[in-house]
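# Structural overview for review
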Amino acid sequence: MSKVRRSRHRPTKSQSNDFYSQANEEWRRGRLRPAFRLFLAAAQGGNRLAFDTVGYFCDDGLGTKVDRDAAMYWYKRAHRCGSGMAANNIGVIYRDRNDLNRALAWFHRATRLGDGEANLNIAKIYLHNRNDVEKARYYLNLARMDSSTESGKDEAEDLLQKTLKAKPTRRAIRTRK
């Protein structure tokens, strides 16, 4: 188990909420190491919002070294509390490990939990790795409507336009016969 998850004592719920607030303030000031330590203390105290954040800090190496296993641990805890964003991030880790079946499963979980950005990730797998343009278009259309960020909507729109301009692939031609 990673050092990131160890704790000498568990904070109370009230302390955990205070740690979370202080951590957000440190993060806002750009002080990543103290922010990480406070988010970690909040997460160890059971603050559900901190689970996602600690996972993100471990995943990107903010205030700590990059530790994808620890990120996965915290994202899974956040997912068990209903976080679609955490499920999407787990999918990204599996995609980066080239485990596309697990990545797709996690992206689908994320969409069921309301994370529209996961549709864009699903579409990219179908487009770039599975060469299934029709499925990619389906998920790009969903991402265009459901993405939570403007950049996600714009990227989905751009990819959709590129797929509409592209010539049919050999696989697509074979399936039409």
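First, a word on what this report is: a plain description of the structure on this page. (Residues numbered from 1 in each chain as written. Predicted model: local features only at pLDDT ≥ 70, side-chain atom pairs only at ≥ 80, totals over all residues. Heavy atoms only, no water.)

### Focus on the overall build of the chain
Looking only at helices and strands, one finds ten helices and zero strands in the chain. Along its sequence from the N terminus, the chain presents helices and strands in the succession α-α-α-α-α-α-α-α-α-α. Counting every position in the chain, which comprises 177 residues, the buried fraction comes to 45%. The long-range fraction of contacts in the chain, counting pairs at least 24 apart against all pairs at least 6 apart in sequence, stands at 47%. Carbon and sulfur atoms form 47% of the exposed surface of the chain, whose accessible area is close to 10,400 Å². (Helix = DSSP H or I, 4+ residues; strand = E, 2+ residues; numbered from the N terminus. Buried < 20%, exposed > 50% of the residue type's maximum accessible area, 1.4 Å probe, protein only. Contact = heavy atoms within 4.5 Å. Areas by Shrake-Rupley, 256 points an atom, 1.4 Å probe, with all protein chains shown as cover.)

### Examining the environment of R95
Along the chain, the position of R95 falls in helix α5 (residues 84–96). Look at R95 and you get partly exposed, because its relative accessible area is 26%. Sequence separation between R95 and N121 is 26 residues, and the spatial gap between their C-alpha atoms is 9.1 Å. Once residues lying within four places of it in the same chain are set aside, the contact partners of R95 are L100, A103, N121 and I125. Polar side-chain contacts of R95 include one of 3.2 Å to the side chain of N121. (Polar contact = N/O pair within 3.5 Å; in protein donor to acceptor, adjacent residues only side chain to side chain.)

### Considerations on the side chain of S83
Its place among the elements puts S83 in the loop between α4 (68–80) and α5. Residue class for S83 comes out buried when judged on its relative accessible area of 12%. At a separation of 3.0 Å, a polar atom in the side chain of S83 contacts the main-chain amide nitrogen of A86.

### Here's the deal with the packing of helix α7 (residues 117–129) against helix α9 (residues 150–165)
At a minimum axis separation of 10 Å, α7 and α9 run at an interaxial angle of 30°. With respect to α9, the axis of α7 lies roughly parallel. The two elements α7 and α9 cross, and the hand of that crossing is left-handed. Touching E117, L120, K124 and L127 of α7 are G152, E155, A156, L159 and T163, all from α9. (Axes fitted to C-alpha atoms, helices over the stretch in contact; angles between N-to-C directions. Parallel < 35°, antiparallel > 145°, perpendicular 65-115°, else oblique. Left-handed = near helix turned anticlockwise from the far one by under 90°.)

### Observations concerning the pattern of salt bridges
Evaluated as defined, the whole model comprises twelve salt bridges. Here K124 makes a salt bridge to E155, at a shortest N to O gap of 2.8 Å. With K124 in helix α7 and E155 in helix α9, this residue pair connects regions lying 31 residues apart in the sequence. On the basis of relative accessible area, K124 is assigned to the partly exposed category, the value being 23%. Residue E155 is classed as partly exposed on the basis of its relative accessible area of 33%. Linking R137 and E134 is a salt bridge whose minimum nitrogen-to-oxygen distance equals 3.0 Å. Taken as a pair, R137 and E134 lie in helix α8 (residues 133–146) at a separation of three residues, close to a single helical turn. Connected via shared salt-bridge partners are E25, E26, R28, R29 and R31. (Salt bridge = Lys/Arg side-chain N within 4 Å of Asp/Glu carboxyl O.)

### Observations regarding the nonpolar core
Counting residues in each nonpolar core, the largest one holds 46 residues, and the members touching the most others are F39, V54 and L140. Sequence-distant contacts of L140, that is, excluding residues within four places in its chain, are made with L120, A123, A156, L159, L160 and T163. (Core = buried A, V, L, I, M, F, W, Y, C linked by side-chain atoms within 4.5 Å.)

### A word on α4
Along its 13 residues, α4 runs 18 Å from first to last C-alpha, staying within 8% of the 18 Å computed at 1.5 Å per residue. The set of residues buried in α4 consists of A70, A71, M72, W74, Y75, A78 and H79. In the core, the buried residues of α4 are packed alongside α2 (32–44), α3 (48–60), α5 and α6 (100–112). Where α4 begins, one side-chain oxygen reaches toward the backbone nitrogen of D69, 3.3 Å away; that side chain belongs to D67. Positive phi appears at G82, one or two residues downstream of α4, with a value of about 100°. (Expected span 1.5 Å × (residues − 1).)

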